[in-house]
Amino acid sequence: MAKTYRVGIVGAGTMGSGIAQKMAQEGLEVTLLDINEEKVKKGINGIKEMLDQGVEHNVFTREKAGATLDRIKGTISYEDLRDMDLVVEAVFEDQKLKGEIFRKLDEICEPKTIFASNTSSLSISELAKSTNRKDKFIGMHYFFHPAKNRLLEITPHEDTSKETLKKVSFIGKLHGKTMIIAKDAPGFVVNRFFIPYYVQAIRVLEECVANIPTIEKAAKEAFGVGMGPFELINVSGMAVSAHAPNALKDECGNFYAPPDILKKKAEAEELWDLNGEVEEDKIKEVQELLYGAVFGVVCTMVDEGIVTVEQIDRGAKVGLRWEEGPFKLINKIGIDKAYEYVNKVNKRYPDLDFEIPETLKDHYKSKKPFEFNFVDTTIENGIANIKINRPEAMNALNDEVFNQLIEEFDKAEKNKDIKAVVIKSAGKEFIAGADIKYFVENIKNDTLDKTVKFTKRSNNLLRRFETSSKLTIALVDGLSLGGGTELALACQAIVATPEASFALPETGIGIFPGNGGMIRLARCLGPEVAKYYVFTGERLTAEEAEEVGIITKLVDITEVDKAIKQIIEKGKFDKYADRELPDKYEKIKKVFNKKNVLKLLNGEIPDGIDKEFAEKVVKILSNKAPIALKMANEIIDEQMKVSIDEAIEIEIEHNTEIFNTKDALLGLTNIGKKVEFKGK
Ligand SMILES: NC(=O)c1ccc[n+]([C@@H]2O[C@H](COP(=O)([O-])OP(=O)(O)OC[C@H]3O[C@@H](n4cnc5c(N)ncnc54)[C@H](O)[C@@H]3O)[C@@H](O)[C@H]2O)c1
């Protein structure tokens, strides 16, 4: 299905063709423009090659690759961009050229068309001056390769309208981007700290603190990355890397200036030699100097009000694939140490305009770690939109997220002007379950009481969603797993888009769903069908979930607001009302009845049922944790006899027992891998 928005891309080079590919892959109609037929063809052929690779590696089907290409139209005529909703410019990094292009677009395009630039280093407000629609001008900074790297920095300038920002963010969501919205400042977000990171690494080499292999190892360990700064420069291009710091140096000072050895390498068109012996005794000093530079810069960015700590960490994790963002790293290392490293860099380079930022000084004084805000609320027309904003972790639910959800829901419940609460999330996925790391930590530290406490608290909130006097609606527009599916099932209504899916895969990782998902599914679909989904972990697609009445409204993403409005107008309803399931569920009901299920769990095929289907089920169940299956079976049976509150208590009573099994630890520490459960 083609999505409603039409996008033009100017420049079919590395970035333009990558952006076009990603947009078309996600269903947008794209028109790709370059200066001549040859360039357009080159861009489209590059996309074709990437798509073929995707098919070879089973990332998508041949049909999807074909449909993607069909959505891309090549052109050399600006007239073809006349009625676009958005035009993204991705030509050479040249202010004059970009200015000319926007002037031309401004004359040709309809007034509705929004203009965006993918510039890495030019000011958005300066570029906007080439047009008579500054309110419809914005930065959209993609990362290489745009079809693979999910990060998108959106940079409105001072005249960008709210509507433009909203529309562009929506289009970003439509093509699966994880977005950071930041001010129009030099280097935007990621390059502002990534460039001084590698500049500092080169300075460390220049000052003979350590050799390249030592710096590479130190950086890889310090930031949890696969490639150190020197290898990364070799791969991304010496010339670009030597040129990029200049713009930052002009705006932000000499700390960002490219070191002489970098300029010389670029002039000589040479690569860094990565070979040599690692000098282990120098690793620590190198790490301190790298940390000092990065921590100093990111805290300065917060001082300047360009961006938040969450967004910086999101940029590092999603855009640069660092294991942790800089602020999480500061917390991990400790404020005192972080301060010491920044201080060390400050003392070492008195002439490089590297000051100790106020944000860091404040935290050093108060000894408080940085806090992260993962839940945002906006209120519009009597609806509180509570958004879980942790796309870098697929919005996984941990203690911090739950605390913030509780806080936001408390506020919404107390607010008399609010009729309904919509629970939604940022990024491509809805919620990929609970944060497994926390469960593993508690098993290893013998603190299972903490898991019980966490489960009680999360269940309590979900039950409040279910019983609140406000109408609670989950907006599921992507994959939901485990706790995410349970959260959606607890809401009073669900609005979903075709990208939504629901699954309870817990028995495949050694545990059972612990947030009321079993009883809620059983109340909707009957215990047999619930057992089928809980035991097999099979996914319900959006269409299937609609068919069985779990979804209140299934709509295209552009229709979501309308659907929510309609549900609110209609008012509350009984989501557990009796329903007829489609015929195909009859087979499941029979195979999963009380008597047959015990046989299935023993690996036997019961008599008088669809043998082929039962064999398939037995095979699936043989890969699940036997204790988790047995307990889930007994719990669902018990739950059917009592109220929902009591049913949830039953799950909680078995919490410690399941997390104490060897299979729970095995499953939880091997997510995504095939494991052989022991039944212990
Ligand atoms: N390469 C990266 O990693 C990266 C990352 C983020 C942002 N950027 C930014 O993206 C932009 C493009 O970079 P790139 O690496 O894709 O460059 P590129 O050289 O690969 O492609 C630029 C394309 O623009 C075309 N072009 C030039 N003048 C044109 C015109 N008047 N009309 C239409 N097309 C024209 C060229 O023919 C070429 O195909 C730059 O602003 C760059 O700073 C690049």
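Quantities reported herein were computed from a predicted structural model and do not represent experimental measurements.

Basis of the calculations
- In every chain, residue numbers begin from 1 and rise along the written sequence.
- Local features in this predicted model are restricted to residues of pLDDT 70 or higher, and side-chain atom pairs are both shown and tallied only at a pLDDT of 80 or more, whereas totals for entire chains, interfaces and linings draw on every residue.
- Side-chain figures throughout are based on the complete set of non-hydrogen atoms in the structure, without hydrogens or water.
- If even one non-hydrogen atom of a residue comes within 4 Å of a molecule or strand, that residue is called near it.
- Side-chain atoms alone can form a polar contact between residues adjacent in sequence; in general such a contact is a pair of N or O atoms within 3.5 Å, and within protein one must be able to donate a hydrogen while the other accepts it.
- Values of accessible area rely on a 1.4 Å probe in the Shrake-Rupley scheme; residue burial ignores everything except the protein chains shown.
- Labels follow the DSSP assignment, with helices taken as runs of H or I lasting at least four residues and strands as runs of E lasting at least two, numbered in each case from the N terminus.
- Basic side-chain nitrogens of Lys or Arg form a salt bridge, by our definition, when they fall within 4 Å of a carboxyl oxygen of Asp or Glu.
- Throughout, exposure labels follow a simple rule: accessible area from a 1.4 Å probe, protein chains only, divided by the maximum for the residue type, with under 20% read as buried, over 50% as exposed, and the rest as partly exposed.
- Throughout, disulfides are identified as pairs of cysteine sulfur atoms within 2.5 Å of each other.
- The rule is short: rings of Phe, Tyr and Trp, with Trp giving its six-membered ring, pair when the centres are within 6.5 Å, and they are stacked under 30 degrees, edge-to-face over 60, tilted in between.

Asks: Any details on the site of the ligand? Residues and values, ideally.
Replies: If you check the shell around the ligand, you find 24 residues, and the closest are Met15, Asp34, Glu93, Lys98 and Asn118. At 2.7 Å from an oxygen atom of the ligand is found a side-chain nitrogen or oxygen belonging to Asp34. Here Asn118 contributes a side-chain N or O atom positioned 2.9 Å from an oxygen atom of the ligand. The fraction of the free accessible surface of the ligand (830 Å²) that becomes covered by protein chains is 79%. Breaking the shell around the ligand down by element, the ones donating at least two residues are helix H1 (14–25), helix H4 (95–108) and strand S6 (137–142). The leading source of residues in the shell around the ligand is H4, at 3 residues.

Asks: Could you give me a rundown of the pattern of salt bridges, with the residues and numbers involved?
Replies: Under the criterion given, the structure shown has 48 salt bridges. With a shortest N-O distance of 2.6 Å, Lys284 and Glu288 are connected by a salt bridge. Here Lys284 pairs with Glu288, and both are found in helix H12 (residues 283–303), just 4 residues apart, close to one helical turn. Exposure remark for Lys284: the relative accessible area of 55% places this residue in the exposed category. Between Arg464 and Glu413 there is a salt bridge whose closest N-O contact spans 2.9 Å. On the criterion of sequence distance, the pair formed by Arg464 in helix H19 (residues 448–467) and Glu413 in helix H17 (residues 399–414) is long-range, its members being 51 residues apart. We classify Arg464 as partly exposed; its relative accessible area is 23%. Residues participating in the shared-partner salt-bridge network are Arg463, Glu466, Arg520, Lys575 and Asp645.

Asks: Would you mind going over the state of the cysteines in detail, with residue names and values included?
Replies: Within the structure shown, the criterion is met by 0 disulfides. Summary of cysteine pairing: Cys299 is not part of a disulfide, and the nearest cysteine sulfur, belonging to Cys252, is at 15 Å.

Asks: So what about the packing of aromatic side chains? Which residues, and what values?
Replies: The final tally for this structure, using the stated rule, is 28 aromatic pairs. Here the aromatic rings of Phe193 and Trp322 are separated by 5.7 Å at their centres, their planes lie at 65 degrees, and the arrangement is edge-to-face. On the criterion of sequence distance, the pair formed by Phe193 in helix H7 (residues 190–206) and Trp322 in the loop between helix H13 (309–319) and helix H14 (326–333) is long-range, its members being 129 residues apart. Across the pair, exposure class does not vary: Phe193 and Trp322 are buried alike.

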